[in-house]
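Working through the structure, step by step
One-letter residues, chain by chain:
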Amino acid sequence: MAGKAAAPGTAVLLVTANVGSLFDDPENLQKNWLREFYQVVHTHKPHFMALHCQEFGGKNYETSMSHVDKFVKELLSSDAMKEYNRARVYLDENFKSQEHFTALGSFYFLHESLKNIYQFDFKAKKYKKVTGKEIYSDTLESTPMLEKEKFPQDYFPECKWSRKGFVRTRWCVADCAFDLVNIHLFHDASNLVAWETSPSVYSGIRHKALGYVLDRIIDQRFEKVSYFVFGDFNFRLDSKSVVETLCTQATMQTVRAADTNEVVKLIFRESDNDRKVMLQLEKKVFHYFNQEVFRDNNGTALLEFDKELSVFKDRLYELDISFPPSYPYSEDSGQGRQYMNTRCPAWCDRVLMSPSARELILKSESEEKVVTYDHIGPNVCMGDHKPVFLAFRIAPGAGKRWQRQQRALRETSP
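Here's what I pulled together on the structure shown here. Since this is a predicted model, take the numbers as computed values, not measurements.

1. Observations regarding the overall build of the chain
The helix and strand tally for the chain stands at 8 helices and 18 strands. Taken over the C-alpha trace, the chain has a radius of gyration of 22 Å; the compact-globule value for 414 residues is 22 Å, and the two agree within 12%. With respect to the principal axes defined by its C-alpha atoms, the chain has extents near 70 × 50 × 45 Å. The 414 residues of the chain split such that 55% are buried. Considering only intrachain contacts with a sequence separation of at least 6, the fraction spanning at least 24 residues in the chain is 70%. When the accessible surface of the chain is summed, it comes to about 18,700 Å², and 48% of that surface belongs to carbon and sulfur atoms. Between the mean site of the 56 positive side-chain charges and the mean site of the 56 negative ones, the chain shows a separation of 5 Å.

2. Describing the packing of helix α1 (residues 26–44) against helix α2 (residues 65–77)
Axis separation between α1 and α2 bottoms out at 12 Å; the angle between their running directions is 20°. In terms of orientation, α1 and α2 fall into the roughly parallel class. α2 is crossed by α1, and the crossing has right-handed handedness. When α1 is examined against α2, the residues Pro26, Gln30, Trp33, Leu34, Phe37 and Tyr38 are found in contact with a partner set consisting of His67, Phe71, Glu74 and Leu75.

3. Points about the packing of aromatic side chains
In the structure shown here, the tally under the stated rule is 29 aromatic pairs. Seen from their ring centres, Phe294 and Tyr339 are 6.3 Å apart, and the 75° between their planes marks the pair as edge-to-face. Of the two residues, Phe294 sits in helix α6 (residues 292–295) while Tyr339 sits in the loop between α6 and β16 (349–353), which places them 45 residues apart along the sequence. Of the two residues, Phe294 and Tyr339, both sit in the buried class.

4. Quick word on the pattern of salt bridges
Within the structure shown, the criterion is met by 20 salt bridges. With a shortest N-O distance of 3.7 Å, Lys59 and Asp24 are connected by a salt bridge. Remark: Asp24 occurs in the loop between β1 (10–18) and α1 and Lys59 occurs in the loop between β2 (48–54) and α2; sequence separation between them is 35 residues. Between Arg168 and Asp179 there is a salt bridge, with the nearest N and O atoms lying 3.0 Å from each other. Residue Arg168 is found in strand β9 (residues 165–173), and its partner Asp179 is found in strand β10 (residues 176–184); the two are separated by 11 residues along the sequence. Taken as a pair, Arg168 and Asp179 share a single burial class, namely buried. Through salt bridges that share partners, Glu147, Arg168, Arg170, Asp179, Asp219 and Arg221 make up one connected network.

5. A closer look at the pairing of strand β18 (residues 388–394)
Within β18, 7 of the 7 residues are buried, leaving the element largely enclosed by the surrounding structure. Of the two faces of β18, both are covered, the one formed by Val388, Leu390, Phe392 and Ile394 as well as the one formed by Phe389, Ala391 and Arg393. Pairing of β1 with β18 involves 7 bridges; the strand directions are antiparallel. Pairing of Val12 across the sheet is with Phe392, part of β18. Pairing of strand β17 (residues 372–375) with β18 involves 4 bridges; the strand directions are antiparallel.

6. Re the nonpolar core
The biggest cluster of nonpolar side chains holds 62 residues, and the ones touching the most others in it are Phe48, Phe178, Leu180 and Phe228. Those residues within four positions of Leu180 in sequence are excluded, and the remaining contacts are Leu14, Phe48, Ala50, His52, Tyr108, Val167, Arg168, Thr169, Trp171, Phe228 and Phe230. One finds Phe37, Val41, Phe71 and Cys381 within the second-largest nonpolar core, a separate group that totals 39 residues.

7. Digging into the sheet that holds strand β14 (residues 277–282)
In spatial order, the strands read β12-β13-β14-β15; together these 4 strands make up an open sheet with antiparallel pairing. Strand pairing shows two members of the sheet lacking a second neighbour, β12 (250–256) and β15 (285–288), which therefore form its edges. In this sheet, adjacent strand axes meet at a mean angle of 15° when their direction is disregarded. By the bridge criterion, 4 bridges tie strand β13 (residues 263–270) to β14 in an arrangement that is antiparallel.

The rules behind the values
Residues numbered from 1 in each chain as written. Predicted model: local features only at pLDDT ≥ 70, side-chain atom pairs only at ≥ 80, totals over all residues. Heavy atoms only, no water. Helix = DSSP H or I, 4+ residues; strand = E, 2+ residues; numbered from the N terminus. Rg over C-alpha atoms; globule rule 2.2 N^0.38 Å. Buried < 20%, exposed > 50% of the residue type's maximum accessible area, 1.4 Å probe, protein only. Contact = heavy atoms within 4.5 Å. Areas by Shrake-Rupley, 256 points an atom, 1.4 Å probe, with all protein chains shown as cover. Lys, Arg positive; Asp, Glu negative; His and termini not counted. Charge placed at Lys NZ, Arg CZ, Asp CG, Glu CD. Axes fitted to C-alpha atoms, helices over the stretch in contact; angles between N-to-C directions. Parallel < 35°, antiparallel > 145°, perpendicular 65-115°, else oblique. Left-handed = near helix turned anticlockwise from the far one by under 90°. Phe/Tyr/Trp six-rings, centres within 6.5 Å; stacked < 30°, edge-to-face > 60°. Salt bridge = Lys/Arg side-chain N within 4 Å of Asp/Glu carboxyl O. Pairing = 2+ DSSP bridges. Core = buried A, V, L, I, M, F, W, Y, C linked by side-chain atoms within 4.5 Å.

Here's what the structure looks like:
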């Protein structure tokens, strides 16, 4: 049970999950997904838990509304969650509003042993005590307990009705105030375009959108607090570098469309060995002959090509990654470890934090591992994304230190 005296501090679990696949095949995938999720809850026994979902409801929201309701009901009423007597659920279900719809779902669960939890009201600019279980959906724009924004259309003109955006909530737990930001950034529309330049044009778009969010959450409207940003960042490996590394000894064949002369396919063949095809690259095909390179040692040999976060090295911190790329896994319920041959596997799903949030995380003086950054369901089909989580403890007294620091900052600022 959560709250044992042996483990000091407040246990926190932050989970991000792109769940679009679950609503395309709810019978098979939702059951697997929930079982693996509950197992992580059982293992880490959090007092405070946040689950950030992207593509909630799947691609066809209109047809999957009943599956959405069932999924939410299961999370709120299952035996595995019975000790969580308070909850807040924010679902962007207003799919008819192309101007605002983000398909983001944010779930927050509070353990019965946790006292004095407050959530920030952005309109009233004050904290309110959290009691009971409440679900907010349809038009989140009118909910004062969060800030929600969809990225402007001109950020990603290739995608007519993008759902990408963010939702921000603010909490005070164990005297510590922090923002939790659910985010979904833009994908790579074409493997061929991503391959053309380094860094890719899509990387630049994600950089712009993430910079916008970070500026927004530290602007002058509200007091600055620590923040955790977790979601589907769609960060990709540097395609140019990856292909050059994987196909060092290969020769490249370019295939063009007969009518437009546009490049439609790149084929990389071994120079000898009967000119065996090593990699085939098309707009939505990334077929490399040996998937083990992405799984061996959790794909760490490829981490050097994971460069998109480096732009924000002074603003965002991440624990060391020790799990394989979280996307794109097969959606076949019998294939738990197989990647689809659609995109180069990449660490799209991440839990990032501000430098001050890093200081809130308890560093254990004993050998007990109290900070875990990992993925969920390594051998089970969880859809095309594996959920990623961060489990940690807020050190006793950390909130008091935070409050002193805030006071000192206010006193020294001009």
